[in-house]
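Structural description and commentary
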Amino acid sequence: MNYWLLKSEPDSWSWEQQVKKGKKGEAWSGVRNHLAKRNLMSMKKGDLCFFYHSNIGKEIVGIVEVTKAPYHDPTAEKNEPWVVVDVVAVKPLKTPVSLASVKAEKKLSKMSLVTSARLSVQPVTVGEWNMICKMGGV
DNA sequence: GCCAACGTTGGC
DNA sequence: GCCAACGTTGGC
């Protein structure tokens, strides 16, 4: 079981939209960065991810579960290497955890969210996961 | 294969 | 709207 963090601009794909999809879930498409792709490739069915709103909100708003192992991104050309996983909304955080509060928490200073701000698919350690769940009231 | 120029992301 | 960080492109 691994933990991850997925970033999305709510203008293009928001937590609310993800929730509306229900158990059907949605393919996490559009990743066009090799490091992010490598992280996607490491995901397994049953892994959990934080859902982070970038740009607008700048906070972790919910938790999604990976329901399908990585497969070719349907929005990419056939000969391109990009992949997606399917994710379904599990539950929202009672209290969204903002970027500011992540930065303010010393134990989270090593998080990719802080150290590699632009990476859209990031690994999260168990310690970080538990800490943020606590901060988010779940 | 290096590196300058350029484009994009995302926080402020 | 600005700009820093970072990835990609293209000339050499």
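Note: the structure precedes this text.
The structure contained in this document is the topic of the report that follows. This is a predicted model, so every value here is computed, not measured.

With that out of the way, let us pick up the protein's contact with DNA strand B. Taken together, Lys7, Glu9, Tyr52, Ser54, Asn55, Lys58, Leu99, Lys103, Ala117 and Arg118 make up the full set of residues adjacent to DNA strand B. In DNA strand B, atoms within 4 Å of the protein come 80% from sugar and phosphate. Separating a phosphate oxygen of DNA strand B from a backbone N or O atom of Asn55 is a distance of 2.9 Å. Split by residue class, the surface near DNA strand B holds 3 nonpolar, 2 polar and 5 charged.

For DNA strand C, the full set of nearby residues is Asn33, His34 and Arg118. Between a base nitrogen of DNA strand C and a side-chain N or O atom of Arg118, the distance comes to 2.5 Å.

Okay, the pattern of salt bridges next. For the structure on display, the rule yields 2 salt bridges. For Arg32, the salt bridge is made with Asp73, and the minimal N-O distance between the two is 2.9 Å. Placement of the pair is Arg32 in the loop between strand S2 (26-27) and helix H2 (34-41) and Asp73 in the loop between strand S4 (59-72) and strand S5 (83-98), with a sequence separation of 41 residues.

On to the sheet that holds strand S3 (residues 48-53), then. In space, the 6 strands of this open sheet follow the order S2-S5-S4-S3-S1-S6, with mixed pairing throughout. Sheet topology places S2 and strand S6 (121-124) at the edges, where each strand pairs with a single neighbour. Bridge analysis of S3 against S4 gives 6 bridges, and the strand direction is antiparallel. By the bridge assignment for S4, Phe51 is matched with Gly62. Sitting on the sheet, helix H5 (residues 126-136) touches strand S1 (3-8), S3, S4, S5 and S6, and the angle it makes with S5 is about 45 degrees.

Summed over all chains, the structure comprises 4 aromatic pairs. Here Phe50 and Trp129 contribute two aromatic rings whose centre-to-centre distance is 3.9 Å and whose plane-to-plane angle is 20 degrees, an arrangement assigned as stacked. Taken together, the residues span a long stretch of sequence, with Phe50 in strand S3 and Trp129 in helix H5 at a distance of 79 residues. An aromatic cluster is built from Tyr3, Phe50 and Trp129, whose rings are joined through pairwise contacts. Sitting above the plane of the Tyr71 ring, Lys68 keeps its charged end 4.3 Å from the centroid.

Rules of the game
Residues numbered from 1 in each chain as written. Chains lettered and ligands numbered in written order. Predicted model: local features only at pLDDT ≥ 70, side-chain atom pairs only at ≥ 80, totals over all residues. Heavy atoms only, no water. Near = heavy atom within 4 Å. Polar contact = N/O pair within 3.5 Å; in protein donor to acceptor, adjacent residues only side chain to side chain. Nonpolar A, V, L, I, M, F, W, Y, C, P; charged D, E, K, R; others polar. Salt bridge = Lys/Arg side-chain N within 4 Å of Asp/Glu carboxyl O. Helix = DSSP H or I, 4+ residues; strand = E, 2+ residues; numbered from the N terminus. Pairing = 2+ DSSP bridges. Contact = heavy atoms within 4.5 Å. Axes fitted to C-alpha atoms, helices over the stretch in contact; angles between N-to-C directions. Phe/Tyr/Trp six-rings, centres within 6.5 Å; stacked < 30°, edge-to-face > 60°. Lys NZ or Arg CZ within 6 Å of the ring centre and 35° of its normal.

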